[in-house]
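# Coordinate analysis (summary)
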Amino acid sequence: MLDLLVFTQHPLAYAPKRFKIEAELHNLSIQIISYKKVDLNNLPEAKALILREPDYKKDLYKLRDEILKYYVSKNTIILNKESYLKWSVLDKITQHDEFKKSGISYIPLLKLSDAKYHFIAKNKLGSHGESVYKITSKEDLDRVLQKHKIEDLLIQEFQTSGFDLRVIVLGGRVLGIMKRTPKVGEFLSNYSQGGGIERYKVNSDIDIKNIENIATKTATHFKLDYVGVDLMMGNDNEWKVLEVNRACQFKGFEKATGVNVAKEVIQTLQGLLTFPF
């Protein structure tokens, strides 16, 4: 029986490779499996499981859920199990519904008819900054509506802070905070979109506690052992949650903060399984 299995759409991506390196450094047996090569009739046995989030365009959620169901029946330790069981697809519209129910501070959604230029339009299933648009004119809006159905779009007031934060929470504690800043002339701050990254330098102890409290509250509400919580200072000078990322990337985060995220995840799983260090 393997110590750890990682299912992913991209086996050669940064996160799976880092999990493999850290698992082997901790003397754990690990296998990385592509969703494309899964045989539901011949799944390997494992003590612990990480499910990376599949691309919404590839229609892999049903397969991911079948894998989840199998390992739940085997009492396998599964990172973020309760969240996956409650929300198979945690799209942005679902997230905003949950923000509202739980009292988590967020940027309200607008009706398109109520939006004033400039505003943001984004697809409910986009990730890594894809399908997020700054709308400054009717021509911009027309181009977006040629690509996306209006019912798949979230409309929000444009926030002017000029940066956002990625907070990674693991096991109820904050590992660190990364500040992301768009390239000059751009508005997307994602590292994958070329945004600048650095460790967030807090303004005060009150500021850091506020950020940490919002992030951990969000992780708890969404039943997440591991999550990237993205925050932005709203136009009202209050921190707002932009979205949660159940299988967040951490290449930029490790570079900016110096936190070894992969090691932290592996050691957390070791603790759950009472593996010797």
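Let me sum up the structure you'll find in this document.

So, how was this worked out
- Residues numbered from 1 in each chain as written.
- Predicted model: local features only at pLDDT ≥ 70, side-chain atom pairs only at ≥ 80, totals over all residues.
- Heavy atoms only, no water.
- Axes fitted to C-alpha atoms, helices over the stretch in contact; angles between N-to-C directions.
- Helix = DSSP H or I, 4+ residues; strand = E, 2+ residues; numbered from the N terminus.
- Parallel < 35°, antiparallel > 145°, perpendicular 65-115°, else oblique.
- Left-handed = near helix turned anticlockwise from the far one by under 90°.
- Contact = heavy atoms within 4.5 Å.
- Pairing = 2+ DSSP bridges.
- Buried < 20%, exposed > 50% of the residue type's maximum accessible area, 1.4 Å probe, protein only.
- Expected span 1.5 Å × (residues − 1).
- Arc of directions from axis to C-beta.
- 1 Å grid on protein atoms, 1.4 Å probe; cavity = no way out; pocket = protein on both sides within 12 Å on 5 of 7 lines; lining within 4 Å.
- Points joined across faces, edges and corners; volume = space filled by probe spheres on them.
- Nonpolar A, V, L, I, M, F, W, Y, C, P; charged D, E, K, R; others polar.
- Core = buried A, V, L, I, M, F, W, Y, C linked by side-chain atoms within 4.5 Å.
- Salt bridge = Lys/Arg side-chain N within 4 Å of Asp/Glu carboxyl O.

### Examining the packing of helix α1 (residues 14–25) against helix α8 (residues 261–273)
One can describe the packing of α1 onto α8 by two numbers: an axis separation of 9 Å at closest approach and a directional angle of 55°. Compared by their axis directions, α1 and α8 come out oblique. By crossing handedness, the relation of α1 to α8 is classed as right-handed. Here α1 contributes Arg-18, Phe-19, Glu-22 and Ala-23 to the contact with α8, which in turn contributes Ala-262, Lys-263, Val-265 and Ile-266.

### Examining the sheet that holds strand β4 (residues 77–78)
The parallel open sheet is built from four strands, whose spatial order is β2-β1-β3-β4. Looking at the sheet topology across the chains shown, the edges are occupied by β2 (30–34) and β4. Here strand β1 (residues 2–8) runs beside β2; their pairing, made up of five bridges, is parallel. Along β2, the bridge assignment pairs Phe-7 with Ile-33. Contacts from α8 reach β1, β3 (46–51) and β4, with the element oriented near 145° to β3.

### Concerning the pairing of β3
The element β3 is extensively covered by neighbouring structure, given that five of its six residues are classed as buried. Looking at chain direction, β1 and β3 are connected through five bridges and run parallel. Its bridge partner being in β3, Leu-2 is matched across the sheet by Ala-46. Relative to β4, β3 runs parallel, the two being bridged by two bridges. Bridging across to β4, Leu-49 finds its partner in Ile-78.

### A look at helix α6 (residues 205–221)
Here α6 contains 17 residues, and its C-alpha end-to-end distance of 24 Å stays within 8% of the 24 Å for a straight helix at 1.5 Å per residue. Those residues of α6 that fall on the buried side of the exposure criterion are Asp-207, Ile-208, Ile-211, Ile-214, Ala-215, Thr-218 and Ala-219. Taken around the axis of α6, the buried residues stretch over an arc of 135°, which confines them to a single face. Of the exposed residues in α6, the ones pointing more than 90 degrees away from its buried face are Asp-205, Ile-206, Lys-209 and Thr-220. Close packing links the buried residues of α6 with α4 (92–102), β8 (164–170), β9 (173–181), β11 (226–233) and β12 (239–245). Lys-223 sits one or two positions beyond α6 and adopts a positive phi of about 55°.

### Some thoughts on empty space enclosed by the protein
For the structure shown, the criterion picks out one cavity of 30 Å³ or more. Here the largest cavity is characterised by a volume of approximately 50 Å³. Every residue along the wall of the largest cavity is listed here: Phe-19, Ile-50, Leu-51, Arg-52, Leu-79, Asn-80, Tyr-84, Tyr-226, Arg-246 and Ala-247. Looking at side-chain class alone, the lining of the largest cavity contains seven nonpolar, one polar and two charged residues.

### Thoughts on the nonpolar core
Within the largest apolar cluster, 26 residues are counted, with the highest numbers of intra-cluster contacts made by Phe-19, Tyr-226, Phe-250, Val-261 and Val-265. Taken together, the elements giving at least two residues each to this core come down to β1, α1, β3, β8, β9, α7 (251–257) and α8. With six residues, the top contributor of residues to this core is α8. Once you skip the residues sitting within four places of it in the chain, Phe-19 turns out to touch Ile-30, Ile-50, Arg-52, Phe-250, Ala-262, Val-265 and Ile-266.

### So, the sheet that holds β11
Here we have five strands laid out as an open sheet, ordered β10-β9-β8-β11-β12, and antiparallel in their pairing. Where the open sheet ends on each side, the last strands, each with one partner, are β10 (196–199) and β12. Taking the axes of each pair of neighbouring strands and ignoring which way they run, one obtains an average angle of 30° across the sheet. As judged from the four bridges shared by β9 and β10, these two strands associate in the antiparallel manner. When the bridges of β10 are listed, Arg-180 appears paired with Ile-197.

### A short note on the pattern of salt bridges
Between side chains of opposite charge, pairing is possible as soon as their charged atoms come close. One pass over the structure, following the stated rule, counts 19 salt bridges. The closest approach of N and O atoms between Arg-64 and Glu-53, which form a salt bridge, is 3.4 Å. Of the two residues, Arg-64 sits in helix α2 (residues 61–73) while Glu-53 sits in the loop between β3 and α2, which places them 11 residues apart along the sequence. Overall, Glu-53 belongs to the partly exposed group, its relative accessible area being 29%. For Lys-240, the salt bridge is made with Asp-236, and the minimal N-O distance between the two is 2.8 Å. For Lys-240, a relative accessible area of 12% puts it in the buried group. What you see here is one network of salt bridges that share partners, running through Glu-53, Arg-64, Asp-65 and Arg-246.

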